[in-house]
Amino acid sequence: QVQLAESGGGLVQAGGSLSLSCAASGSIFSINSMGWYRQAPGKQRELVAAITSGGSTNYADSVKGRFTISRDNAKNTVYLQMNSLKPEDTAVYYCNALTATLNYYWGQGTQVTVSS
């Protein structure tokens, strides 16, 4: 089992920045990749960014150049730095961990609201 504890998020004006963090605990040795997903009201959950244990990253086209995902393996923590935020970035952001056995784990979610 993997437990994920998220922090960060909140309310920011358009053009501003926010940072999210997600600390993993439990069977962390089994984690292959970690990432962030988001879900806006009435929309499906979508991948925002992901990072493998080796440091390879993947971003949604909508956030490329504005968001940066990073990982501190010593702290078992993944971060999402969000710059130049737009109102359409408003959503609940979920931390995700994918294990070697293809099990997905989710954090509780944190609200990000960008006002125009």
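Just so we're clear, the structure is a prediction, and the values are computed from it rather than from any experiment.

The helix and strand tally for the chain stands at zero helices and 11 strands. The secondary structure elements of the chain, listed N-terminal to C-terminal, are β-β-β-β-β-β-β-β-β-β-β. Over its C-alpha atoms the chain spans a radius of gyration of 13 Å, differing by no more than 12% from the 13 Å that the globule rule assigns to 116 residues. Taken along its principal axes, the extent of the C-alpha atoms in the chain is 40 × 25 × 20 Å. In the chain, of all internal contacts separated by at least 6 residues, the share reaching a separation of at least 24 is 52%. For the chain, the accessible surface area stands at approximately 6,000 Å², while carbon and sulfur atoms represent 49% of it. Taken together, the 8 basic and 6 acidic charged side chains of the chain have centroids lying 1 Å from each other.

This part takes up the state of the cysteines. Tallied over the full model, the rule gives one disulfide. Covalently, Cys22 is tied to Cys95 through a disulfide, its sulfur atoms 2.0 Å apart. Because the sign of the S-S torsion sets the handedness, a value of about -85° for the bond joining Cys22 and Cys95 places this disulfide among the left-handed ones. Of this pair, Cys22 sits in strand S3 (residues 18-26) while Cys95 sits in strand S9 (residues 91-99), and the two are 73 residues apart along the sequence. The same class applies to Cys22 as to Cys95, namely buried.

Moving on to the side chain of Thr77. Note on placement: Thr77 falls in strand S8 (residues 77-82). At a separation of 2.9 Å, a polar atom in the side chain of Thr77 contacts the main-chain carbonyl oxygen of Lys75. What Thr77 contacts, discounting residues up to four positions off in sequence, is Ser21, Cys22, Ala23, Ser70, Arg71 and Asp72.

Throughout the structure, instances matching the rule amount to two aromatic pairs. Consider the rings of Tyr37 and Trp106, whose centres lie 5.0 Å apart with planes at 75°: the pair is edge-to-face. Here the residue Tyr37 occupies a position in strand S4 (residues 31-39), and Trp106 occupies one in strand S10 (residues 104-106), the gap between them amounting to 69 residues. Residue class for Trp106 comes out partly exposed when judged on its relative accessible area of 36%. For the pair Tyr104 and Trp106, a centre-to-centre distance of 6.5 Å together with 15° between the ring planes defines the contact as stacked. The class of Tyr104 is partly exposed, set by a relative accessible area of 48%. Among the aromatic residues, those joined into a ring-pair cluster are Tyr37, Tyr104 and Trp106. Its guanidinium or amino end placed over the ring of Trp106, Arg45 lies 4.6 Å from that ring's centre, counting from NZ or CZ.

Parameters and conventions
Residues numbered from 1 in each chain as written. Predicted model: local features only at pLDDT ≥ 70, side-chain atom pairs only at ≥ 80, totals over all residues. Heavy atoms only, no water. Helix = DSSP H or I, 4+ residues; strand = E, 2+ residues; numbered from the N terminus. Rg over C-alpha atoms; globule rule 2.2 N^0.38 Å. Contact = heavy atoms within 4.5 Å. Areas by Shrake-Rupley, 256 points an atom, 1.4 Å probe, with all protein chains shown as cover. Lys, Arg positive; Asp, Glu negative; His and termini not counted. Charge placed at Lys NZ, Arg CZ, Asp CG, Glu CD. Disulfide = S-S within 2.5 Å. Buried < 20%, exposed > 50% of the residue type's maximum accessible area, 1.4 Å probe, protein only. Polar contact = N/O pair within 3.5 Å; in protein donor to acceptor, adjacent residues only side chain to side chain. Phe/Tyr/Trp six-rings, centres within 6.5 Å; stacked < 30°, edge-to-face > 60°. Lys NZ or Arg CZ within 6 Å of the ring centre and 35° of its normal.

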